[in-house]
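If you want the building blocks of each chain, they are given just below.
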Amino acid sequence: MNIEIPKPAPVDARDNEPVPTPLDSASAALALEGLPPADIDPAKLDAAALKVLRHLRRNGHQAYLVGGCVRDLLLGRQPKDFDVATSALPEQVRATFRNCRLIGRRFRLAHIYFKGQKVIEVATFRKNPVEEVLAEDPGAAADTDLLISEDNVFGTAEEDARRRDFTINGLFYDVGLGEVIDYVNGRADLDAGLMRTIGTPEIRLREDPVRILRAVRFSAKLGLTVEPETWAAMQKQSPELARCAPARVLEETLRLLRSGASRRAVELLREVGALPVLLPSVAAFLYRGGPVEAERLYRILGSMDERILSGLPTDDSLLLAALLLRIVRAPSVEGGDDTGEASALTTIEPVLTELTRTARLPRRIAEGARLLLLAQGALHGERRKRGSPTRFMRSPHFADALILMAANVQASGEGIEALNRWRARESEIAPPGPRGPRHAPREASELPPPGLGVEALPAALSSVESFTFESSGLL
Ligand code: ATP
Ligand code: MG
């Protein structure tokens, strides 16, 4: 027979009461009216963005959360920033807020400033100028240059949703009603994991070929499949990237490298045929190096992605150097030696200089990438560095150079002993503080097995045929 032992009564009966979930006032009001719960948990919304939305609405304007933040919240991800779209004209937004500044000459936006360097971006609803041209003359799509040069025509909320690039980026969120407003069928695509342009893919990509890079970034980062018609248009329009402003192309390329999904992104760029236009020197290298070198480059990019996803600071110069590292380090077709590396560096240096000149790549980033690549020879003991190793190790680029070397060792198996020697020296110079050494020394046996051996290269390289690449790309 089981005897139930009575549990002691709680010291405070309230301890056992369920804690009510705190509700935002908008949600509470909805709950009282018996309406369905909000599409997005109000606790996930940004307090500053909510203030901006309320203030605009109180002043008689329409105002919604828009774009990436709605997409990310519906996917259960933390948005990078919260953007607002409104019916208020830029001057009206400025008149509504004390802490506001208008920015941009062509595309005027309002920035509302909050404590802690927080900025909420508010954009007036706009429409797509190309739609007007096509509405008047539908036949124009066939032979007209659709590249958008002027995009500052104000419009309605629906027009603003339609001018956006992809359905998953065209969703609005009404915080008052707790409802997603979906003019573009983005919700269904988001649920199905699909990337699709709003409207006809070919027209939308001709308007702005940079959208190809954006599609690649979102698809890689969010793990979405590109819908077939959009993919076909991306393949067809990739050469048009050469016509876009180099600074915009560079900015989207850097965003792609910083996304934490650069490995997948570069694979997709290659699959879609954009790589020879965008990064001719990388594309040519991958063509020469075959699957062995491709896998090594992808692994290096994968290491950078891991850093970024675990929140470690990762400078643009490190990302750029990682992208170019195998070009510099791979054994040259002729046999691979020191001269190979030296000549690879001389091909890369003018490219970096050109990027700073035409695409406004900050000189600091180009120079940083160059130094990180240059340091590899010294780290591998192939080139003697002047001065003492200790001075070299105290230079500001040393830590990143070693990170790059470690990524290369993991990817190619080349130089494990040299890496371990540097790490040992590093921990001698800077004994572990309370948070441990900067790079915990690793045993060679702990490193993942290297990819295909260098021995496999000649076979891969024997398939190389003469191939020319456009020289108008970034790298
Ligand atoms: P992320 O989280 O990476 O910033 P995002 O969606 O916020 O992603 P942004 O580049 O910040 O991307 O752009 C904000 C929004 O502006 C996009 O969601 C999209 O609706 C719109 N947009 C941006 N660039 C374009 C473009 N080239 N063409 C059409 N719409 C665009
Ligand atoms: Mg954004």
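Quantities reported herein were computed from a predicted structural model and do not represent experimental measurements. (Residues numbered from 1 in each chain as written. Chains lettered and ligands numbered in written order. Predicted model: local features only at pLDDT ≥ 70, side-chain atom pairs only at ≥ 80, totals over all residues.)

> With reference to specific residues and values, describe the overall build of the chain.
Check the secondary structure of the chain and you find 22 helices and 11 strands. Split into buried and exposed, the 475 residues of the chain put 35% on the buried side. (Helix = DSSP H or I, 4+ residues; strand = E, 2+ residues; numbered from the N terminus. Buried ≥ 20, exposed ≤ 12 C-beta atoms within 10 Å, placed from the backbone.)

> Go over the environment of A322 with me, naming the residues and quoting the values.
With respect to the secondary-structure elements, A322 resides in helix α16 (residues 316-329). In sequence terms A322 and I403 are 81 residues apart; their C-alpha atoms lie 9.7 Å from each other. The contact partners of A322, leaving out residues within four places of it in the chain, are I300, L301, M304, L404 and A407. (Contact = placed C-beta atoms within 7 Å.)

> Residues and numbers for the site of ligand 1, please.
Surveying the vicinity of ligand 1 reveals the residues G67, G68, K80, D83, R164, D165, N169, D208, V210 and R211. In terms of residue class, the shell around ligand 1 is built from 1 nonpolar, 3 polar and 6 charged. (Near = placed C-beta within 6 Å. Nonpolar A, V, L, I, M, F, W, Y, C, P; charged D, E, K, R; others polar.)

> So what about the sheet that holds strand β2 (residues 83-86)? Which residues, and what values?
Backbone hydrogen bonds hold the strands of a sheet together, and the pairing may be parallel or antiparallel. Spatially, the 7 strands line up as an open sheet ordered β3-β4-β5-β2-β1-β8-β9, and their pairing is mixed. The sheet terminates laterally at β3 (100-103) and β9 (179-181), the two strands that pair on one side only. Between one strand axis and the next, the sheet turns by 35° as a mean value, whatever way the strands run. Two elements, strand β8 (residues 172-174) and β9, share 3 bridges in a ladder whose sense is antiparallel. From the neighbouring strand, Y173 faces β9, where its bridge partner is V180. Its contacts with the sheet place helix α2 (residues 47-58) against β1 (63-66), β2, β4 (109-114) and β5 (118-124), and it is angled at close to 40° to β5. (Pairing = 2+ DSSP bridges. Axes fitted to C-alpha atoms, helices over the stretch in contact; angles between N-to-C directions.)

> Give a description of the environment of A141 that names residues and reports values.
Inspection of the secondary structure puts A141 in helix α6 (residues 140-143). By C-beta crowding, A141 is classed as partly exposed, having 15 other C-beta atoms within 10 Å. Taking C-alpha positions, A141 is 9.7 Å from R206, a pair spaced 65 residues apart along the chain.

> For the nonpolar core, give the residues involved together with the corresponding values.
Counting residues in each nonpolar core, the largest one holds 103 residues, and the members touching the most others are L65 and A322. The leading source of residues in this core is α16, at 10 residues. Both domain 1 (7-135 + 144-192) and domain 2 (282-429 + 450-472) contribute no fewer than three residues apiece to this core. (Core = buried A, V, L, I, M, F, W, Y, C linked by C-beta atoms within 7 Å. Domains from an automatic or database assignment.)

> Any details on unusual backbone geometry? Residues and values, ideally.
Most peptide bonds take the trans configuration, and most residues that are not glycine carry a negative phi. Its identity is not glycine, yet Q117 carries a phi of approximately 60°, on the positive side. We classify Q117 as exposed; it has 6 C-beta atoms within 10 Å. The backbone of R360 sits at a positive phi, close to 55°, despite the residue not being glycine. Counting through the fold element by element, R360 comes out in the loop between α17 (338-358) and α18 (363-379).

> Describe the confidence of the model for the chain, and please don't skip the residues or the numbers.
When the pLDDT values of the chain are averaged, the result is 82; 77% of them are 70 or greater. Across residues 1-24, where pLDDT falls below 50, the model places 6 contacts with residues more than four positions away in sequence or in other chains. (pLDDT = per-residue confidence, 0-100.)

> Break down the pairing of β1 for me, with residues and values.
Here β1 shows no split at all, with A63 and L65 on one side and Y64 and V66 on the other all buried. Of the strand pairs in this sheet, β1 and β2 are connected by 4 bridges, and their pairing is antiparallel. From the neighbouring strand, A63 faces β2, where its bridge partner is T86. Judged from the 2 bridges that link them, β1 and β8 form a sheet pairing that is antiparallel. Within β8, the position partnered with V66 by the bridge is F172.

> Account for α16, with residues named and values stated.
Taking 1.5 Å per residue as the helical rise, α16 with its 14 residues ought to reach 20 Å, and the 20 Å between its terminal C-alpha atoms agrees with that figure. Along its length, α16 shows its largest kink, about 40°, at L323. For α16, the buried fraction is high: 13 of the 14 residues fall into the buried class. (Expected span 1.5 Å × (residues − 1). Bend = angle between axes of the 7 residues up to and from the residue.)

> Residue-level account of the pairing of β3, with values.
With 4 bridges joining them, β3 and β4 adopt antiparallel strand pairing. Considered in β4, the bridge of C100 is made with I112. Remark: 5 residues form the turn of the hairpin made by β3 and β4, two consecutive strands paired antiparallel; G104 in that turn has positive phi of roughly 80°.

> Outline the packing of α16 against α18, supporting the account with residue identities and numerical values.
With their axes 8 Å apart at the nearest point, α16 and α18 run at an angle of 45° to one another. If you check the angle between α16 and α18, you find them oblique. Seen from above, α16 lies across α18 with right-handed handedness. Between α16, through D316, S317, L318, L320, A321, L324, L325, V328 and R329, and α18, the contact on the second element is made entirely by I365, G368, A369, L372, L373 and Q376. For the contact of α16 with α18, the class distribution of residues is 10 nonpolar, 3 polar and 2 charged. (Parallel < 35°, antiparallel > 145°, perpendicular 65-115°, else oblique. Left-handed = near helix turned anticlockwise from the far one by under 90°.)

> Lay out the environment of L256 with the relevant residues and their values.
By secondary structure assignment, the location of L256 is in helix α12 (residues 246-258). Residues L256 and F218, 38 residues apart in the sequence, show an inter-C-alpha distance of 8.8 Å. Excluding residues that lie within four positions of it along the chain, L256 makes contacts with L213, V216, R217, S262 and A265.

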